[in-house]
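Structural overview for review
Residues per chain are reported as follows:
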Amino acid sequence: MRALTLVAGLLPALAHAALNVTGSTCTVTPLPATGTGREPDDTPQIMQAFKQCGTNGKIVLTEGLFHIGQVMDTLSFSNVDIEIHGTMRWSSDIQYWLRSSLPVTYAGRSTAWRVGGTDIRIRGFGTALFDGQGQLWYDQNRGQSNQNGRPISLTLWHAKNVLIDGITWRQSQFWHTFVAYSENITMTNLDMNATSNSQWSTVNTDGIDTWNSNNIFLQNWTVTCGDDCISMKGNSSNVYASNVHCYESGCAVIGSIGSNSAQPDYVSNVYYDNFTCTHSSNAAWIKTYSGTGYVRNVTFANFKFADVNQPIYVTPCIYGSAGCDSSRLKISDVRWINVTGTSRYNIASAIHCSGAAPCSGFSFQNVNITNKDGRTVDKYLCSNIANQAQSGIPCTGTCPASWPQQLNGNG
């Protein structure tokens, strides 16, 4: 068996860093410090490994610190095993990423790493760490909304038959993961934490968002992110997510969808099971714009939560958008089963469905939500729910069209 060592770079200081190729296995070791005060860039040798061993091969990133200074666009993997044993740290060159991050079409978003192809297995063994140096991003963004060029950490893009397992994220730049135009995706044993240590909030550091993707299996996640924890966006179908603990987040959500009325969004067959939501904005909820398409056959089962702002929430006009009662985006066959916990205020559930397309097939089974103060009786607000009397939803009043996603006190 022939071993070929390719020295990465020309400088003598880099001579000890190498890409070692043995048969169909590429092993990458991180570059040593340059001694100049500037971080090295491991991206070229990693990309070379992906090129040489990305088909019917194996890539091993050893223990140590890999500095990622450039975008990685890897869209042609085929039957590959990628092992990551060390830390991948994305560079602090914000202006480079704003200029160069890779487009992913959805709402002008972009990413630092696109992964595509078929039969891809990325394993971190519980030791792999993705460090986005997010605090730099949170501070420069100064609490503003989305920023063009701010990169998603990892995007599955036109990918099929993928396993991602055993990776930890800390201080992601933007969304942790995005799954788009992909199918047969399994993501297990993932740990994510994006927490600002300054006056500026993280803003939009979702755990996962899916879009135009089918057959997704998520299991054993722990996420602290300050925004949506697990989110299914337009044209996501056949999703099962279980054993997820979300902190300081939106927990389990459908949406948002329907922002472009000329482009229908469909979400169907989603099962969220065994979720824990701690000090979150919402727990089990659906948000749409007044667009076209549908949400159909969604189950929120076995939810436990504590100190959640507004646990159950459904709206056809998120973020104060117009058309709350003219939306034709139908929401149907949604079940909340074994949902138990404490609300921050006195609203357990607020469901406003479009008057033009009332919700149907809604049901509560063993839903027990109490106010955390232990004294106030929670309210269940409802509007435009077909066959509400048979739904098991104990409506106590009408939910106005303008009802907010998050509350500032008792309603």
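Before reading on, note that the structure itself is shown above.
Rules used in this analysis
- Within each chain, residue numbers correspond to sequence positions counted from 1 in written order.
- Only residues with pLDDT of 70 or above have their local features reported here, since the model is predicted, and side-chain atom pairs are shown and tallied only from 80 upward, although totals for entire chains, interfaces and linings are computed over all residues.
- To obtain the side-chain values, all non-hydrogen atoms of the structure were included, while hydrogens and water were left out.
- Runs of E in the DSSP output that reach at least two residues are strands. Runs of H or I that reach at least four are helices, and both are numbered from the N terminus.
- As defined in this context, the radius of gyration uses C-alpha atoms, and a globule is described by 2.2 Å times the residue total to the power 0.38.
- Exposure is judged per residue with a 1.4 Å probe applied to protein chains only, and the accessible area is read against the type maximum: over 50% gives exposed, under 20% gives buried, and values in between give partly exposed.
- Areas reported here follow the Shrake-Rupley algorithm with a probe of radius 1.4 Å; residue values treat only the protein chains shown as occluding.
- Just so you know, the count uses Lys and Arg for positive and Asp and Glu for negative, and it drops His and the chain ends.
- The location of each charge is read from NZ of Lys, CZ of Arg, CG of Asp or CD of Glu.
- Throughout, disulfides are identified as pairs of cysteine sulfur atoms within 2.5 Å of each other.
- One bridge is not enough; two strands pair if DSSP finds at least two bridges between them.
- The aromatic pairing rule takes the rings of Phe, Tyr and Trp, using the six-membered ring of Trp, and pairs them if the centres are within 6.5 Å, calling planes under 30 degrees apart stacked, those over 60 edge-to-face and the rest tilted.
- We call two residues contacting when some pair of their heavy atoms lies within 4.5 Å.
- Among buried residues, the Ala, Val, Leu, Ile, Met, Phe, Trp, Tyr and Cys ones that are joined through side-chain atoms within 4.5 Å form a nonpolar core.
- Whenever a nitrogen or oxygen atom comes within 3.5 Å of another N or O atom, the pair is scored as a polar contact, on the condition that within protein one atom can donate a hydrogen and the other can accept it, and that pairs from neighbouring residues in sequence are kept only if both atoms are in side chains.

1. Considering the overall build of the protein
Regarding its fold elements, the protein presents three helices and 28 strands. Compactness check: the protein gives a C-alpha radius of gyration of 23 Å against a globular reference of 22 Å for 411 residues, within 12% of the reference. A buried classification covers 54% of the 411 residues belonging to the protein. As displayed, the protein offers around 15,800 Å² of accessible surface, 48% of which is attributable to carbon and sulfur atoms. Charged side chains in the protein number 25 positive and 26 negative. The centres of these two groups are separated by 3 Å.

2. Digging into the state of the cysteines
Two cysteines whose sulfur atoms are joined by a covalent bond form what is called a disulfide. The final tally for this structure, using the stated rule, is six disulfides. The disulfide bridge from C26 ends at C53, spanning 2.0 Å between sulfur atoms. Handedness here is read from the sign of the S-S torsion; for C26 and C53, about 70°, the answer is right-handed. Of this pair, C26 sits in strand β3 (residues 25-28) while C53 sits in helix α1 (residues 43-53), and the two are 27 residues apart along the sequence. Among the residues examined, C26 registers a relative accessible area of 0% and is labelled buried. Overall, C53 belongs to the buried group, its relative accessible area being 1%. With a sulfur-sulfur separation of 2.1 Å, C251 is cross-linked through a disulfide to C277. Taking the sign of the S-S torsion, about -75° here, the bridge from C251 to C277 comes out left-handed. Taken together, the residues C251 in the loop between β18 (236-247) and β19 (252-257) and C277 in strand β20 (residues 265-278) connect sequence positions 26 residues apart. Each bonded cysteine in the protein gets a number by its place in the sequence, and the pairs come out as 1-2, 3-4, 5-6, 7-8, 9-10, 11-12.

3. Let's talk about the sheet that holds strand β9 (residues 110-111)
Sheet architecture is open: three strands sit in the order β8-β9-β11, paired in mixed fashion. Two strands bound the open sheet, and with one partner strand each, they are β8 (102-103) and β11 (151-152). Relative to β9, β8 is paired through two bridges, and the arrangement is antiparallel. Across the sheet, the residue bridging to P103 is S110, located in β9.

4. Remarks on the packing of aromatic side chains
Here the structure, examined in full by the defined rule, presents 27 aromatic pairs. Look at Y266 and Y294: their rings are 4.7 Å apart centre to centre, the planes differ by 55°, and that puts the pair in the tilted class. Of this pair, Y266 sits in strand β20 while Y294 sits in strand β22 (residues 293-308), and the two are 28 residues apart along the sequence. Taking the relative accessible area as the measure of exposure, Y266 reaches 36% and is therefore partly exposed. Here a set of aromatic residues connected by ring pairs shows up, and it is made of Y272, F275, F300, F303, W336, F362, F364 and Y380.

5. Section: α1
Listed as buried for α1 are T43, Q45, I46, A49, F50 and C53. The elements touched by buried residues of α1 are β2 (18-22), β3, β4 (55-61), β5 (65-68), β6 (72-84) and β10 (113-131).

6. Points about the nonpolar core
If you look at the biggest cluster of nonpolar residues, it comprises 93 residues, and the most contacted ones within it are Y272, F300, W336 and F362. It is strand β12 (residues 154-170) that contributes the most residues to this core, seven residues altogether. Beyond its immediate sequence surroundings of up to four residues, F300 is in contact with A252, I254, Y272, A284, W285, I286, V334, R335, W336, I337 and V339.

7. A short note on the environment of S101
Tracing the sequence through the fold places S101 in the loop between α2 (94-100) and β8. Sequence-wise, S101 and W113 are 12 residues apart; in three dimensions their C-alpha atoms are separated by 8.2 Å. Non-local contacts of S101, meaning those with residues more than four positions away in its chain, are made with V71, Y96, S110, T111, G149 and P151. One polar contact links S101 to S110, side chain to side chain, over a distance of 2.7 Å. A polar contact of 2.8 Å, which involves the side chain of S101, links it to the backbone oxygen of G149.

8. Considering unusual backbone geometry
A cis amide bond links G255 to the next residue, S256, at an omega of 0°. Considering the arrangement of structural elements, one finds S256 in strand β19. One non-glycine residue, N274, lies in positive phi territory at about 60°. Even without glycine at this site, N302 takes up a positive phi of about 60°. Residue position: N302 is located in strand β22. A residue is classified by how much of its surface remains accessible, and N302, at 33% relative accessible area, is partly exposed.

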